[in-house]
Amino acid sequence: VNTLLPDRRPIWPVLARLRAQWRELQGERAEVVSVPHARGATTGLFQMPPQAAGRVPALLGLHQLAGDHDDFALTLAPFRAAGFATLTIDLPAHGANFSGPRLQPDDELVALAALETLAGRPEVDPDRLGVIGGSLGAFFALRTAAAAPGAGVRLKACVAYASPFDIGLGIPDAVPGIRENFAWVVGARTYAETLALGRPFHLRTGLQRITCPLLLVHGQQDHICDFTAPYEIARRVTAPLTIVPLPGVDHEAAVPSAPHLAGPGIAWLKAHL
């Protein structure tokens, strides 16, 4: 059921309690983390892999449009089972930041701050950090990987599931719900404002600054982020790049919790992180 973001305010506390109960039933340990950054602070959830020993590789997880740190933490359960710690955070205008500052096209600065927080954890190997995202989160994972070298952040791998290439360009053809939710998170009051504020949300520049290995996983039948996106990204990336097309898969690849979706990312990360 498509519930638009403005209507979700009373739903989120209920979902948060249900997710906490689910983690308790699963025996998962989780720690709520506050991440300060240049525009304020965001909330995250740090989780270790089961039966972890010593310092472990870790992933910063960035959720999809209209998601939050809590649901993406559930999404990344297979990655923790494979041995990776995870820190999932709320992007601006999502989750605990629902009523805060609106999303901006350079909000990878939030992710960079979260990577610094992750690197400082005593349980985490700071030389084995990766970033992973789905859809909007994949967009910012790529922007984070591009900004990391200049910011002095050590990033060893980037995984982008179902990434868009040019969000603003896709707004006129967006399916119902996507356009409205994007307008909410960027603070647009009209369709014209949505187009104007969406225009800078693209990957046409900057990808050549990525230096870490990069994995793109994309459904060939994706009707929200067209399968042409990996090709446009590949044209601009000079770092080592792997593309995994998923035949018959739509935009559900943005939430890689099922084995056939998580599998390619886990296998690749084990080889690169």
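Let me sum up the structure you'll find in this document. (Residues numbered from 1 in each chain as written. Predicted model: local features only at pLDDT ≥ 70, side-chain atom pairs only at ≥ 80, totals over all residues. Heavy atoms only, no water.)

**Quick notes on the overall build of the protein**
Of the regular secondary structure elements, the protein holds ten helices and eight strands. Computed over the C-alpha atoms, the radius of gyration of the protein is 17 Å, within 12% of the 19 Å expected from 2.2 N^0.38 for a compact globule of 273 residues. Seen through its principal axes, the protein has C-alpha atoms that stretch 55 × 45 × 40 Å. Relative to its 273 residues, the protein shows a buried fraction of 53%. Within the protein, counting contacts between residues at least 6 apart in sequence, those at least 24 apart form 77% of the total. Accessible area for the protein stands at about 11600 Å²; split by element, carbon and sulfur atoms hold 57% of it. Here the protein carries 23 positive and 24 negative side-chain charges, and the mean point of each set is 4 Å from the other. (Helix = DSSP H or I, 4+ residues; strand = E, 2+ residues; numbered from the N terminus. Rg over C-alpha atoms; globule rule 2.2 N^0.38 Å. Buried < 20%, exposed > 50% of the residue type's maximum accessible area, 1.4 Å probe, protein only. Contact = heavy atoms within 4.5 Å. Areas by Shrake-Rupley, 256 points an atom, 1.4 Å probe, with all protein chains shown as cover. Lys, Arg positive; Asp, Glu negative; His and termini not counted. Charge placed at Lys NZ, Arg CZ, Asp CG, Glu CD.)

**Regarding the pattern of salt bridges**
Considering all chains together, one arrives at 14 salt bridges under this definition. The partner of aspartate 166 in a salt bridge is arginine 204, and the shortest N-O contact between them spans 3.0 Å. One end of the pair, aspartate 166, is in the loop between strand E6 (157-161) and helix H6 (167-170); the other, arginine 204, is in the loop between helix H8 (191-198) and strand E7 (214-219), with 38 residues separating them in the sequence. (Salt bridge = Lys/Arg side-chain N within 4 Å of Asp/Glu carboxyl O.)

**Details of the environment of threonine 42**
By the secondary structure assignment, threonine 42 is in strand E2 (residues 40-47). Exposure remark for threonine 42: the relative accessible area of 2% places this residue in the buried category. For the pair formed by threonine 42 and alanine 114, sequence separation is 72 residues and the distance between their alpha carbons is 8.8 Å. Each residue touching threonine 42, except ones within four places of it in the same chain, is listed here: Val33, Ser34, Val35, His37, Ile89, Asp90, Asn97 and Val110. At 2.8 Å, the side chain of threonine 42 forms a polar contact with the side chain of asparagine 97. (Polar contact = N/O pair within 3.5 Å; in protein donor to acceptor, adjacent residues only side chain to side chain.)

**Focus on the layout of surface pockets**
Approximately 1000 Å³ is the volume found for the largest pocket. Among the elements of the structure, helix H1 (12-26), H6, helix H7 (178-186) and helix H9 (228-236) are those that each provide at least two residues to the lining of the largest pocket. Among the elements that line the lining of the largest pocket, the one with the most residues is H7, at four residues. Each residue belonging to the lining of the largest pocket can be placed in one class, and the counts come to 22 nonpolar, ten polar and ten charged. Empty space within the second largest pocket amounts to approximately 220 Å³. Taken together, Gln26, Gly27, Glu28, Arg29, Gln47, Met48, Pro49, Pro50, Ala77, Arg80 and Ala81 form the lining of the second largest pocket. With three residues, helix H3 (residues 77-81) is the single largest residue contributor to the lining of the second largest pocket. Looking at the lining of the second largest pocket, its residues break down into five nonpolar, three polar and three charged. (1 Å grid on protein atoms, 1.4 Å probe; cavity = no way out; pocket = protein on both sides within 12 Å on 5 of 7 lines; lining within 4 Å. Points joined across faces, edges and corners; volume = space filled by probe spheres on them. Nonpolar A, V, L, I, M, F, W, Y, C, P; charged D, E, K, R; others polar.)

**Quick look at unusual backbone geometry**
The residue alanine 66 is not glycine, and still its phi comes out positive at about 70°. Considering the arrangement of structural elements, one finds alanine 66 in the loop between strand E3 (56-62) and helix H2 (69-75). Positive phi values are uncommon outside glycine, yet alanine 162 reaches one of about 55°. Relative to the assigned elements, alanine 162 resides in the loop between E6 and H6.

**Some points on the pairing of E3**
Across the seven residues of E3, seven count as buried, placing the element largely inside the fold. The pairing of E3 with strand E4 (residues 85-89) spans five bridges and is parallel. Bridge assignment links leucine 60 to a residue of E4, and that residue is leucine 87. (Pairing = 2+ DSSP bridges.)

**Digging into helix H4 (residues 108-119)**
The first and last C-alpha atoms of H4 sit 16 Å apart over twelve residues, in line with the 16 Å expected at 1.5 Å per residue. Among all positions in H4, only Glu108, Val110, Ala111, Leu112, Ala113, Ala114, Leu115 and Leu118 are buried. (Expected span 1.5 Å × (residues − 1).)

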